[in-house]
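# Analysis of the macromolecular model
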Amino acid sequence: MATFVTRSQWGARAPKSVSNDITPAQGGVVVHHVDAVKVAKANHADCAAQVRGIQNFHMDSNGWSDIAYSHLACVHGYLFQGRGEYVRTAAQGTTQGNDDWYAVCALTGGTASSYDTITAGLIDAVRHGINRLRVSGGAARAITGHRDHHATACPGNLYARVLSGEVNPGGGPLPYPGVNFRQPPTFVHASVATWQYRMNSAHGYSLAVDGQYGPGSDSACRSFQSSRGLSVDGVVGPATWGATFA
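In what follows, the accompanying structure is described. As the structure is a computational prediction, the values presented were derived from the model and not from experiment. (Residues numbered from 1 in each chain as written. Predicted model: local features only at pLDDT ≥ 70, side-chain atom pairs only at ≥ 80, totals over all residues. Heavy atoms only, no water.)

With 13 residues, helix α7 (residues 215-227) extends 18 Å from end C-alpha to end C-alpha; this agrees with the ideal 18 Å at 1.5 Å per step. By the burial criterion, the buried members of α7 are Ser-217, Asp-218, Ala-220, Cys-221, Phe-224 and Gln-225. An end-on view of α7 places all buried positions within 165° of arc, on one side of the element. Among the exposed residues of α7, those pointing more than 90 degrees away from its buried face are Pro-215 and Ser-226. Buried positions along α7 lie against α6 (190-203), β8 (212-213) and α8 (238-244). Downstream of α7 by a residue or two, Gly-229 has a phi angle that is positive, lying close to 70°. (Helix = DSSP H or I, 4+ residues; strand = E, 2+ residues; numbered from the N terminus. Expected span 1.5 Å × (residues − 1). Buried < 20%, exposed > 50% of the residue type's maximum accessible area, 1.4 Å probe, protein only. Arc of directions from axis to C-beta. Contact = heavy atoms within 4.5 Å.)

Moving on, we get to the pattern of salt bridges. Side-chain pairing between opposite charges can occur once the charged atoms of the two side chains come close. Scanning the model with the defined rule gives six salt bridges in all. One salt bridge in this structure joins Asp-218 and Arg-222, with 2.8 Å as the shortest N-O distance. Residue Asp-218 and its partner Arg-222 are located together in helix α7, separated by four residues, close to a single helical turn. Residue classification places Asp-218 among the buried residues on the basis of a relative accessible area of 9%. Residue class for Arg-222 comes out partly exposed when judged on its relative accessible area of 35%. (Salt bridge = Lys/Arg side-chain N within 4 Å of Asp/Glu carboxyl O.)

Attention now goes to the sheet that holds strand β4 (residues 78-81). An order of β1-β4-β3-β5-β2-β6 is seen for the six strands of this open sheet, with the pairing classed as mixed. The open sheet terminates on both sides in strands that have one partner only, identified here as β1 (3-5) and β6 (142-145). Neighbour-to-neighbour, the strand axes of this sheet turn through a mean angle of 25°, independent of strand direction. As defined by bridge partners, strand β3 (residues 71-73) adjoins β4 across three bridges and the pair is classed as antiparallel. When the bridges of β4 are listed, Ala-73 appears paired with Leu-79. α6 contacts β5 (101-109) and β6 of the sheet and is inclined by roughly 70° relative to β6. (Pairing = 2+ DSSP bridges. Axes fitted to C-alpha atoms, helices over the stretch in contact; angles between N-to-C directions.)

The next thing to look at is α6. Compared with the 20 Å implied by 1.5 Å per residue over 14 residues, the 20 Å span of α6 between its first and last C-alpha is a close match. Among the residues trailing α6, Gly-204 stands out with phi positive, at a value near 80°.

This brings us to the packing of aromatic side chains. Each aromatic ring pair is characterised by the separation of its centres together with the angle its planes make. Under the defined criterion, the tally for this structure stands at seven aromatic pairs. An angle of 85° between the planes, with centres 6.1 Å apart, marks the rings of Phe-181 and Trp-241 as edge-to-face. A residue pair is termed long-range when its members are at least 10 positions apart, and Phe-181 in the loop between α5 (159-164) and β7 (187-188) and Trp-241 in helix α8 qualify at 60 residues. Both residues of the pair, Phe-181 and Trp-241, count as buried. Ring pairs connect the aromatic residues Phe-181, Phe-187, Trp-195, Tyr-213, Trp-241 and Phe-245, which therefore count as one cluster. Lying over the aromatic face of Phe-4, Arg-132 brings its terminal NZ or CZ to 3.8 Å of the ring centre. Positioned above the aromatic ring of Tyr-159 is the side chain of Arg-147, whose terminal nitrogen or guanidinium carbon lies 4.8 Å from the ring centre. (Phe/Tyr/Trp six-rings, centres within 6.5 Å; stacked < 30°, edge-to-face > 60°. Lys NZ or Arg CZ within 6 Å of the ring centre and 35° of its normal.)

Written as C-alpha cells, this is what we have:
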C-alpha cells in the first residue's frame, strides 16, 4: 500500500481559509496531472519540495486558499495529503466540479508521445487516495478525468488508466458512477463525458463529449443497447455502463 504523507510531514503552509461546503456523494473523484511537460522527480527526496512549490503557486500566484487538490500522488508510491476529506477543492475548473468532486493529482506530466513513466507505485498511490476519499470522505464511486469537467488534456496519458478502471481501488472495469443517464430533460454529469468518450473511442460513435446526455446520446445508447442484446430504453444504467466499459 502507498505511504501516506501528512501536511506537516511535507511542510505545508496553513490554508488561508477552509470551506467544508462540498457534497462528494453527488460526484466522486477526479484524476489530474500537473502539466503538459514531464515533471516527475527521479528521487523521492525531491517530491515534498515539489508539492510545496505547487502549494506556493496556487496560493501566491493564483490567489487560492490552499493547494488545489485533495491529495497528490508521486511515482514512488507516496500519497501527499492536500486539502483532505470534506474540504472543497479548487481543481476542477467549474463550480459544480469543485462543489461535488474531490481531486487526486498525479505528480506527472507530458504529452501523448513523451510522458512521465506511469509506475505501479503511482497507480497504487492514486488508488489509495481515491479509497481514502471514499471511505473517510463520503465520495461516490464515480471516477473521472479532469478533461471530463473542463476543456483540457489533463490528466494526459493517465486518462486511459481512468477509463480502464486501473485507478479504481477495486480494480477494473471503471465502476458504474451511481447515477442513471436519461433524457428528457438533458442530464448533465461529468461521468456522461467519460461515457461519451468511451462510446467514441471503443465503439465507433461520434458523440460530442460535453457531459450532456441529450437526444444524440440517447440515440447512440439505444443503438448500442440493441447491438449488445440489452433492454433498449435509452437509459445508461449499470448494465449499459458495464457493457460500454467491458
